[in-house]
There are 2 protein chains.
Amino acid sequence: MRYRRGFRGGFLKRISRWTKSRMAILDVFRRVKGHLSADEVFLRLRKNYPNIGIATVYRNLDYLHKKGILSRFQFGNNKASYELSEKFLKGVQHHHHLICTNCGKVIDYTDFIKEETDLIREMEKALSKKYGFKIQSHQLHFYGICKDCMKGGDQNAVG
Amino acid sequence: MRYRRGFRGGFLKRISRWTKSRMAILDVFRRVKGHLSADEVFLRLRKNYPNIGIATVYRNLDYLHKKGILSRFQFGNNKASYELSEKFLKGVQHHHHLICTNCGKVIDYTDFIKEETDLIREMEKALSKKYGFKIQSHQLHFYGICKDCMKGGDQNAVG
DNA sequence: TTAATAATGATAATCATTATCATTTAATTT
DNA sequence: AAATTAAATGATAATGATTATCATTATTAA
Ligand SMILES: [Mn+2]
Ligand SMILES: [Mn+2]
Ligand SMILES: [Zn+2]
Ligand SMILES: [Zn+2]
């Protein structure tokens, strides 16, 4: 997985200071597939950066999100999770999510993205005009019951 | 606005006890268009039910959501908001949301619902099969900058 | 009316996130 | 390389949202 064209000249340029902890946080996301909450990032970091503070993690997640490097999600469990933006890293493809309301599992899917993109593009154009709203991103979430919970009952029930 | 067929025989039947506060909370949603957070519901209730507790509000929002009467959203401001489910009340139409990342405003839109529903139906079928995931609902969120924030700058900036 | 128990209100506790502030550090300038 | 400057950090207090606890009350069905 390589950086997209424009990584150093584009995204990196927007970052005012390339700190040790900021690099480390971004490294975590490069290594991990999927979504991480602030405390999950914090736990993974403590191994190599035992002095890092949780506030620094929160600050940088927010910062990197504002810079367009991380996408931010709230799947319904009262905490934010983040993943690398598809705009930032080559290999992250546009995708959406299936969220199990029983166990909290989140599944990425990339099916129907072509059809979806066509429709979304059209919608964005019309909605922008109608509501004077400048659309920057979209999220499509499907809520339901995952395969495991379907058979197994609620042994892993969330909440 | 009248209840959908099946209100008394359907939704009401699933509710174990039809309490004063539970009725009052549902009444708030019937009167208000749009999304309400727990504390917003609580504030509106205090007028007529000065003894109601905030915990009761939280419990009932969760309860009514689990019963399919309220839809639950997390638009990215770290708190849940609710609205009447389209399945529950006649007059609530299927819609999605534009969320301003600057001021937090949420706009309902009902445009493109026909086209969207066609695609979503197809996707749900395929995703259900592929992932063994029983889909119950979906949410489509557009994030961006609203009209007011576009012109006015960040005078009402959120967070 | 009584019995069973779901629901409530008060409030403590928890969890996620943000604010404060003195200190450190990255980047820029001399 | 040393000095400068402001962004960033870590510790931790504070806040905001939500959940847990528990004794009491109210709803429902018998
Ligand atoms: Mn994802
Ligand atoms: Mn809505
Ligand atoms: Zn599940
Ligand atoms: Zn706005």
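Refer to the structure above for everything that follows.
Every residue gets a number counted from 1 within its own chain, in the order that chain's sequence is written. All chains are assigned letters beginning at A, and all ligands numbers beginning at 1, according to the order in which they are written. Local features in this predicted model are restricted to residues whose pLDDT is 70 or higher, and side-chain atom pairs enter the listing and the counts only when it is 80 or higher, whereas totals over whole chains, interfaces and linings include all residues. The side-chain numbers reported here are obtained from all heavy atoms of the structure, hydrogens and water having been left aside.

Caption draft 1: Structural detail: the overall build of chain A. Counting its secondary structure elements, chain A contains six helices and six strands. Each helix is a run of H or I in the DSSP string that is no shorter than four residues. Each strand is a run of E no shorter than two, and both are numbered from the N terminus. Starting at the N terminus, the α and β elements of chain A follow one another as α-α-β-α-α-β-β-β-β-α-β-α. Residue exposure (1.4 Å probe, protein chains only): buried if accessible area is under 20% of the type maximum, exposed if over 50%, otherwise partly exposed. Looking at chain A as a whole, 45% of its 159 residues are labelled buried. Here, two residues are considered to be in contact whenever any of their heavy atoms come within 4.5 Å of each other. Sequence separation of 24 or more characterises 54% of the internal contacts of chain A that already satisfy a separation of 6 or more. When the accessible area of chain A is evaluated, it comes to approximately 9,100 Å², of which 50% is carbon and sulfur surface. Accessible areas in this description were obtained via Shrake-Rupley with a 1.4 Å probe; residue shielding takes into account the shown protein chains only.

Caption draft 2: Geometry of the packing of helix 2 (residues 20-31) of chain A against helix 3 (residues 38-46) of chain A. All names here are of chain A. Viewed as axis vectors pointing N to C, helix 2 and helix 3 meet at an angle of 105 degrees, and their least axial separation amounts to 10 Å. Classed by the angle they form, the pair helix 2 and helix 3 counts as roughly perpendicular. For the pair formed by helix 2 and helix 3, the contact residues are A24, I25, V28 and F29 on the first element and V41, R44 and L45 on the second. Broken down by class, the residue content of the contact of helix 2 with helix 3 amounts to six nonpolar, no polar and one charged. As a rule, the C-alpha atoms of each element are fitted with a line to give its axis, helices using only the stretch in contact, and angles between N-to-C directions run from 0 to 180 degrees. Orientation categories follow fixed angle ranges, with anything under 35 degrees roughly parallel, anything over 145 roughly antiparallel, 65 to 115 roughly perpendicular, and all other angles oblique. Asp, Glu, Lys and Arg are counted as charged, while Ala, Val, Leu, Ile, Met, Phe, Trp, Tyr, Cys and Pro are counted as nonpolar; the rest, among them Gly, fall into the polar class.

Caption draft 3: Layout of the packing of aromatic side chains. All names here are of chain A. Pairing of aromatic rings covers Phe, Tyr and the six-membered ring of Trp, with a centre-to-centre limit of 6.5 Å; geometry is then stacked below 30 degrees between planes, edge-to-face above 60, and tilted otherwise. In the structure shown here, the tally under the stated rule is four aromatic pairs over all chains. Between Y109 and F142 the ring centres are 6.0 Å apart and the planes differ by 55 degrees, which places this aromatic pair in the tilted class. Here the residue Y109 occupies a position in strand 5 (residues 106-109), and F142 occupies one in strand 6 (residues 134-145), the gap between them amounting to 33 residues. The aromatic ring of Y63 is capped on one face by R22, whose charged end is 3.8 Å from the ring centroid. Only when the NZ atom of a Lys or the CZ atom of an Arg is both within 6 Å of the ring centre and within 35 degrees of the ring normal do we say a charge sits over the ring.

Caption draft 4: A look at the sheet that holds strand 1 (residues 36-37) of chain A. All names here are of chain A. Following DSSP output, two strands are said to pair if at least two bridges run between them. Across the sheet, three strands lie side by side as 1-3-2; this open sheet has antiparallel pairing. Whereas interior strands pair on both sides, the edge strands pair on one side only; in this sheet they are strand 1 and strand 2 (70-74). Strand direction decides the pairing type here: strand 1 and strand 3 (residues 80-84), joined by two bridges, are antiparallel. Bridging from a neighbouring strand, S37 pairs with S81 of strand 3. In this fold helix 2 packs onto strand 1, strand 2 and strand 3, with an angle of close to 75 degrees to the strand it touches most, strand 3.

Caption draft 5: The arrangement of empty space enclosed by the protein in detail. Grid spacing is 1 Å over the protein atoms alone, the probe is 1.4 Å, and a cavity is where that probe fits but cannot get out, while a pocket is an open set with protein on both sides within 12 Å along at least five of seven lines and lining residues have an atom within 4 Å of a point. Grid points are joined across faces, edges and corners, and a volume is the space filled by probe spheres set on the points. Inspection of the entire model under this criterion finds one cavity of 30 Å³ or more. Of the volumes computed, that of the largest cavity is approximately 70 Å³. Lining the largest cavity are E116, L119, I120, M123 and L140 of chain A together with E116, L119, I120, M123 and L140 of chain B. Contributing elements (two or more residues each) for the lining of the largest cavity: helix 5 (113-131) of chain A together with helix 5 (113-131) of chain B.

Caption draft 6: Representation of the coordination of the manganese ion (ligand 1) in the model. Residues and elements named next belong to chain A. Donors, by definition, are the N, O and S atoms found within 2.8 Å of a metal, the threshold being 3.2 Å for Na, K and Ca, and water is not counted, so a site can look incomplete. The protein atoms that coordinate the manganese ion (ligand 1) are H35 (NE2), E83 (OE), H95 (NE2), H97 (NE2) and D108 (OD), at distances spanning 2.1 to 2.6 Å. Written as a sequence motif, the donor residues of the manganese ion (ligand 1) are H-x47-E-x11-H-x1-H-x10-D. Residue E83 is located in strand 3, and its partner H95 is located in the loop between strand 3 and strand 4 (96-100); the two are separated by 12 residues in the primary sequence. Assessed through its relative accessible area of 7%, E83 is described here as buried. Classification of H95 by relative accessible area gives buried; the value is 12%.

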